[in-house]
Each structure stands twice: as C-alpha cells, then as structure tokens.
Amino acid sequence: MTEGHYCSIHNTVFFKKGRMRGYAHPIKDEKGNDTGEWCNEEDLEKVKNLEPKKPIPPPLQKDEEPLPKSKSQEIAEHVWWKELGEMIRAKDIDLSKPAGKGMRTAYYAQMLSVLDIKIENK
Ligand SMILES: [Zn+2]
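Just so it is clear, the structure is predicted and the values come from calculations on it, not from any experiment.

The rules we used
- Residues numbered from 1 in each chain as written.
- Predicted model: local features only at pLDDT ≥ 70, side-chain atom pairs only at ≥ 80, totals over all residues.
- Helix = DSSP H or I, 4+ residues; strand = E, 2+ residues; numbered from the N terminus.
- Buried ≥ 20, exposed ≤ 12 C-beta atoms within 10 Å, placed from the backbone.
- Contact = placed C-beta atoms within 7 Å.
- Pairing = 2+ DSSP bridges.

Enquirer: I tried to follow the overall build of the chain on my own but got confused; where do I start?
Expert: Assigned secondary structure in the chain consists of three helices and four strands. When the helices and strands of the chain are listed from N to C terminus, the series reads β-β-β-β-α-α-α. Residues classed as buried in the chain amount to 2% of the 122 residues present. Within the chain, contacts between residues at least 6 apart in sequence are counted, and of these 14% link residues at least 24 apart.

See the structure below:
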C-alpha cells in the first residue's frame with residue numbers, strides 16, 4: 001500500500017510525476033474512461049481539514065416571510081387609498097356624481113375593512 005497517497009473517494013492510488021504540484025490521480029467515470037479531470041490529494045487534504053463541519057443552521061426568521069412583491073403592492077394600495085381620501089376631503093372628487101359617490105363609498109368601505117383587520121390582529 002502506498003500509505004498516505006491513496007484516494008479513499010475514488011479508491012485510487014495517487015501518483016506524482018514530472019511537473020505535478022502534488023499527488024493526484026485522473027478521475028475516471030464508471031466505465032473506467034478518463035473524464036479529463038484530476039483529483040488532487042492537496043485538495044482532498046483541504047477538504048479533510050475543514051472537517052468537522054459545523055451543522056448547517058436551520059433557516060432563521062421563519063416568521064419573517066419576505067414577500068417584497070406583495071408588500072410593495074400593499075404599500076402602493078395604501079398610497080392609493082390615502083390619495084383617494086385626500087381627494088375626497090379636498091373635494092377634488094365631485095360627490096354629486098355617481099362616480100364620486102361610488103369612490104367615497106369604496107373609500108369608507110376600505111377604511112372600515114382596514115380597521116376590522118387591525119382589531120382582529122390584536
Ligand atoms: Zn480521488
């Protein structure tokens with residue numbers, strides 16, 4: 001046995017010749033054909049030195065679900081309702097017309113539903 005120069009991953013003996021930086025062996029596929037890649041003992045040692053690996057921590061902030069798209073949509077909606085409220089208060093919307101009345105009704109319905117949600121979340 002060539003002690004210390006044996007690849008336990010590929011069950012292959014490492015060898016070193018010519019200008020090779022260190023011990024290595026060509027990686028072969030299941031059929032024994034050359035893959036053109038090399039397995040370097042040096043790299044293997046680096047991997048070994050990294051161990052024992054720290055267990056991967058479970059993903060944190062489980063309650064903080066990032067939903068940037070819907071969040072921005074939500075904000076845009078809030079801005080829209082806020083602007084509508086301001087328009088109603090500034091009488092920019094003609095409440096004598098059905099369209100204006102409809103918008104005011106929708107605005108107050110929205111305000112009520114927002115309040116309801118806030119109460120429910122408490
Ligand atoms: Zn190997």
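Enquirer: What is the right way to read the environment of Gly85 from this model?
Expert: Tracing the chain through its elements places Gly85 in helix H2 (residues 68-89). Of the residues examined, Gly85 has 15 C-beta atoms within 10 Å and is grouped as partly exposed. For the pair Gly85 and Met111, spaced 26 residues apart in sequence, the C-alpha to C-alpha distance is 9.4 Å.

Enquirer: Please explain the pairing of strand E3 (residues 24-28) as it appears in this structure.
Expert: Remark: a regular strand shows side chains that alternate across the two faces of the sheet. For E3 and strand E4 (residues 34-40), the ladder comprises four bridges, and the chain directions are antiparallel. What sits directly across from Lys28, in E4, is Asp34. Linking E3 back to E4 in an antiparallel pair, the connection comprises five residues, with Gly32 at a positive phi of about 85°.

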